[in-house]
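Chain by chain, the residues run as shown.
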Amino acid sequence: MDTIVSIMQSSIKARRQQFDVRLRHIRHEQLCCDSLRLRQVLINVLSNASKFTPPGGTVSFDIEETASENAAKAWFKFTVRDTGIGIKPEFLRDIFKPFTREKDSRIDKTEGSGLGMAISKKIVDLMGGTIEVSSEVGTGTEFTISLPLQISELELGNFKFPDLKIIVVDDDVIVCEHTTELLRQIGIRSDWETGGQRAVQKVLAAHQAGEPYDAVILDCRMPDQDGVETAAIIRSAISEPLPIILISAYDSADVETKARQAGVNGFMTKPVFMSTLCRALQRYVLGQAAAYEQKSKTDFSGKRFLLVEDNVLNREIAVEMLESTGAVVESACDGAEGAAKFAAAPAGYYDLLLMDVQMPVMNGYEATQKIRASAKSDARTVPIVAMTADAFAEDIIEAKKAGMNSHLAKPLNLATLVREINKQLQKH
């Protein structure tokens, strides 16, 4: 879910839309499923919601765990709503059929094959779930995907906290209720407010009464007074140390400098799962930096990558992931096209190549060997990262023999992808 939200941030921001992400009644975070296919479905639905919603509109993404009769499985409901142009009834009936796409002058320039919904429906069916849609022309559309997901036996970790009191501030009541419920489950007392001005009053009143809050969790975007403004007012009024954590469904990099100047200590990205919350509290409230934390540069602005991948859906997801980091991404459909694009580009044009292994026409190993053998000055030095569903030792050895620098297993994970790209760019 973190990866999906990260991927969607850049396109929603570019369209100047509001993005709401909410969790409801989540009891299980670790689940076993085909995460690549689930990601394909959700990104397809979210991308359509954004594409067909005008600037200033809203796209919301709700994730809810519902009752399950099977103790080994959890039912999850994913709901995507938009305030877009809506779908006419005659097209709504056939929306899950291949090559069905409504003709409308407002969307004729929007890219799309008309296959996305049909493929999404097939994937959901194969996963034992359902996908439903409702829409009203001029008002918006709602997709609901319900899936049974196997519960993982992996433990989240043992989180222990002292007696704390925290205030949660978000203009979305659902987010406030969810976050305070998570705090209650780990033994932390909490209050919530839906506005920055009322929150300031509450924080000051508690401080004056000698019962101060131990931390403030602030939503970044609120209508009356945003999180950064609220943080600045609290800091100017209270001299004692008070950890302030800013939470947002958007990339915090845009406001980080301003937020730090206002006195914000740290950041969380929605959706806020129990593990997300606990790690933030450990780091920013208790001052316990997690041993597993690694600082990676996630801004690849000014970098150009060549993605070589034959599967259309995998390529779309990888492009979205890479573009969410600020990189310029070019793509090729097979190894021969990838090698040709590299050969035609000036030396140093590409900073890194991501190469699928199993492809028609020319596979990734052959394409890499052809690139390495070319006369271009950067042919031997440009980093080439293999991507494959096979992660056995012999596959990794084969990738190295072909001249690849490293190996990534599919499905791709944004954090792992960023970490590997950082490592390769630093080496070269």
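The structure we're discussing is the one just above.
This report concerns the structure included in the present document. Not measured: the values here are computed from a predicted model.

## Some points on the environment of Glu-29
Here comes step 1: Along the chain, Glu-29 turns up in the loop between β1 (18-24) and β2 (31-32).
Here comes step 2: Once the C-alpha coordinates of Glu-29 and Ala-340 are considered, the two residues, 311 residues apart in sequence, prove to be 44 Å apart.
Here comes step 3: Within the local environment of Glu-29, its side chain forms a polar contact with the backbone nitrogen of Met-274, the two atoms lying 2.8 Å apart.

## Some words on the sheet that holds strand β10 (residues 244-248)
Here comes step 1: The five strands lie next to each other as β8-β7-β9-β10-β11, forming an open sheet whose pairing is parallel. Looking at strand neighbours, the two that pair on one side only are β8 (189-193) and β11 (266-269), the edges of this open sheet. Across this sheet, the average inter-strand angle for adjacent strands is 20°, counted without regard to direction.
Here comes step 2: Inspection of the sheet shows strand β7 (residues 165-169) paired to strand β9 (residues 215-219) by four bridges, in the parallel sense. Residue pairing in the sheet places Ile-167 in a bridge with Val-216 of β9.
Here comes step 3: The strands that helix α6 (residues 196-208) touches are β7, β8 and β9; relative to β7, the one it contacts most, it runs at about 165°.
Here comes step 4: Of the strands in this sheet, β7, β9, β10 and β11 are in contact with helix α9 (residues 274-285), which crosses β11 at around 175°.

## Let's talk about the side chain of Thr-180
Here comes step 1: Relative to the elements of secondary structure, Thr-180 occurs in helix α5 (residues 173-185).
Here comes step 2: Leaving out residues up to four positions away in the same chain, Thr-180 has contacts with Val-168, Ser-190, Asp-191 and Trp-192.

## Overview of the pattern of salt bridges
Here comes step 1: Evaluation of the coordinates by the stated rule reveals 22 salt bridges.
Here comes step 2: Its salt-bridge partner being Asp-163, residue Arg-189 comes within 3.3 Å of it at the nearest N-O pair. One end of the pair, Arg-189, is in strand β8; the other, Asp-163, is in the loop between β6 (140-151) and β7, with 26 residues separating them in the sequence.
Here comes step 3: A relative accessible area of 45% places Arg-189 in the partly exposed class.
Here comes step 4: Residues Asp-219 and Lys-270 are paired through a salt bridge, measuring 3.4 Å at the closest nitrogen-oxygen approach. Of this pair, Asp-219 sits in strand β9 while Lys-270 sits in the loop between β11 and α9; the two residues are 51 residues apart in sequence, bridging distant segments of the chain.
Here comes step 5: Overall, the relative accessible area of 9% leaves Lys-270 in the buried class.

## Details of unusual backbone geometry
Here comes step 1: Going from Lys-270 to Pro-271, the amide bond is cis rather than trans, its omega being 5°.
Here comes step 2: For Pro-271, the position within the fold is in the loop between β11 and α9.
Here comes step 3: Phi at Arg-16 takes a positive value of approximately 55°, unusual for a residue other than glycine.
Here comes step 4: Assignment of secondary structure puts Arg-16 in the loop between α1 (2-14) and β1.
Here comes step 5: Its relative accessible area of 60% is what places Arg-16 among the exposed residues.
Here comes step 6: Even without being glycine, Val-361 reaches a positive phi, approximately 70°.
Here comes step 7: By the secondary structure assignment, Val-361 is in the loop between β14 (352-356) and α12 (364-373).

## Concerning the packing of helix α2 (residues 35-51) against helix α10 (residues 312-323)
Here comes step 1: Orientation of α2 relative to α10, taken along the N-to-C sense of each, is 70°, at an axis distance of 10 Å. Looking at the two axes, α2 sits roughly perpendicular to α10. Read as a crossing pair, α2 and α10 show a hand that is left-handed. Counting all contacts with α2, which are made through Leu-36, Arg-37, Arg-39, Gln-40, Ile-43 and Ser-47, the residues of α10 involved are Leu-313, Asn-314, Ile-317, Glu-320 and Met-321.
Here comes step 2: Residues belonging to the contact of α2 with α10 are distributed by class as follows: five nonpolar, three polar and three charged.

## Digging into α6
Here comes step 1: For α6, with 13 residues, the first-to-last C-alpha span of 18 Å sits near the 18 Å given by 1.5 Å per residue.
Here comes step 2: What α6 keeps buried is the set Gly-196, Ala-199, Val-200, Val-203 and Ala-206. Projected down its long axis, α6 shows its buried positions confined to an angular sector of 135°, all on one face. Among the exposed residues of α6, those oriented more than 90 degrees off its buried face are Gln-201 and Gln-208.
Here comes step 3: Of the surrounding elements, those touching the buried residues of α6 are β7, β8, β9 and α7 (227-237).
Here comes step 4: After α6 finishes, the residue Gly-210 shows a positive phi value of roughly 80°.

## Focus: helix α14 (residues 414-427)
Here comes step 1: Between the first and last C-alpha of α14 there are 20 Å, a value that for 14 residues agrees with the 20 Å anticipated at 1.5 Å per step.
Here comes step 2: Within α14, burial applies to Leu-414, Leu-417, Val-418, Glu-420, Ile-421, Asn-422, Gln-424 and Leu-425.
Here comes step 3: The N-cap residue of α14 is Asn-413: its side-chain oxygen and the backbone nitrogen of Ala-415 are 3.0 Å apart.

## Points about the nonpolar core
Here comes step 1: With 60 residues, the main nonpolar core has Phe-19, Phe-61, Phe-78, Ile-145 and Leu-354 as its most contacted residues.
Here comes step 2: Among the elements that line this core, the one with the most residues is α2, at eight residues.
Here comes step 3: Leave out the neighbours within four places in its chain, and Phe-61 touches Met-1, Ile-4, Phe-19, Asp-20, Val-21, Arg-22, Leu-42, Leu-46, Phe-78, Thr-79 and Val-80.

## Some points on the packing of aromatic side chains
Here comes step 1: One pass over the structure, following the stated rule, counts four aromatic pairs.
Here comes step 2: For the ring pair Phe-96 and Phe-143, a centre distance of 6.5 Å and an interplane angle of 75° mean the geometry is edge-to-face. Of this pair, Phe-96 sits in the loop between α3 (89-92) and α4 (116-126) while Phe-143 sits in strand β6; the two residues are 47 residues apart in sequence, bridging distant segments of the chain.
Here comes step 3: Overall, Phe-96 belongs to the partly exposed group, its relative accessible area being 21%.
Here comes step 4: What makes Phe-143 buried here is its relative accessible area of 7%.
Here comes step 5: Between the aromatic rings of Tyr-349 and Tyr-350, the centroid separation amounts to 4.8 Å while the plane-to-plane angle is 80°, which identifies the pairing as edge-to-face.
Here comes step 6: Given a relative accessible area of 28%, Tyr-349 falls into the partly exposed group.
Here comes step 7: Positioned above the aromatic ring of Tyr-213 is the side chain of Lys-165, whose terminal nitrogen or guanidinium carbon lies 4.7 Å from the ring centre.

How each quantity is defined
Residues numbered from 1 in each chain as written. Predicted model: local features only at pLDDT ≥ 70, side-chain atom pairs only at ≥ 80, totals over all residues. Heavy atoms only, no water. Helix = DSSP H or I, 4+ residues; strand = E, 2+ residues; numbered from the N terminus. Polar contact = N/O pair within 3.5 Å; in protein donor to acceptor, adjacent residues only side chain to side chain. Pairing = 2+ DSSP bridges. Axes fitted to C-alpha atoms, helices over the stretch in contact; angles between N-to-C directions. Contact = heavy atoms within 4.5 Å. Salt bridge = Lys/Arg side-chain N within 4 Å of Asp/Glu carboxyl O. Buried < 20%, exposed > 50% of the residue type's maximum accessible area, 1.4 Å probe, protein only. Parallel < 35°, antiparallel > 145°, perpendicular 65-115°, else oblique. Left-handed = near helix turned anticlockwise from the far one by under 90°. Nonpolar A, V, L, I, M, F, W, Y, C, P; charged D, E, K, R; others polar. Expected span 1.5 Å × (residues − 1). Arc of directions from axis to C-beta. Core = buried A, V, L, I, M, F, W, Y, C linked by side-chain atoms within 4.5 Å. Phe/Tyr/Trp six-rings, centres within 6.5 Å; stacked < 30°, edge-to-face > 60°. Lys NZ or Arg CZ within 6 Å of the ring centre and 35° of its normal.

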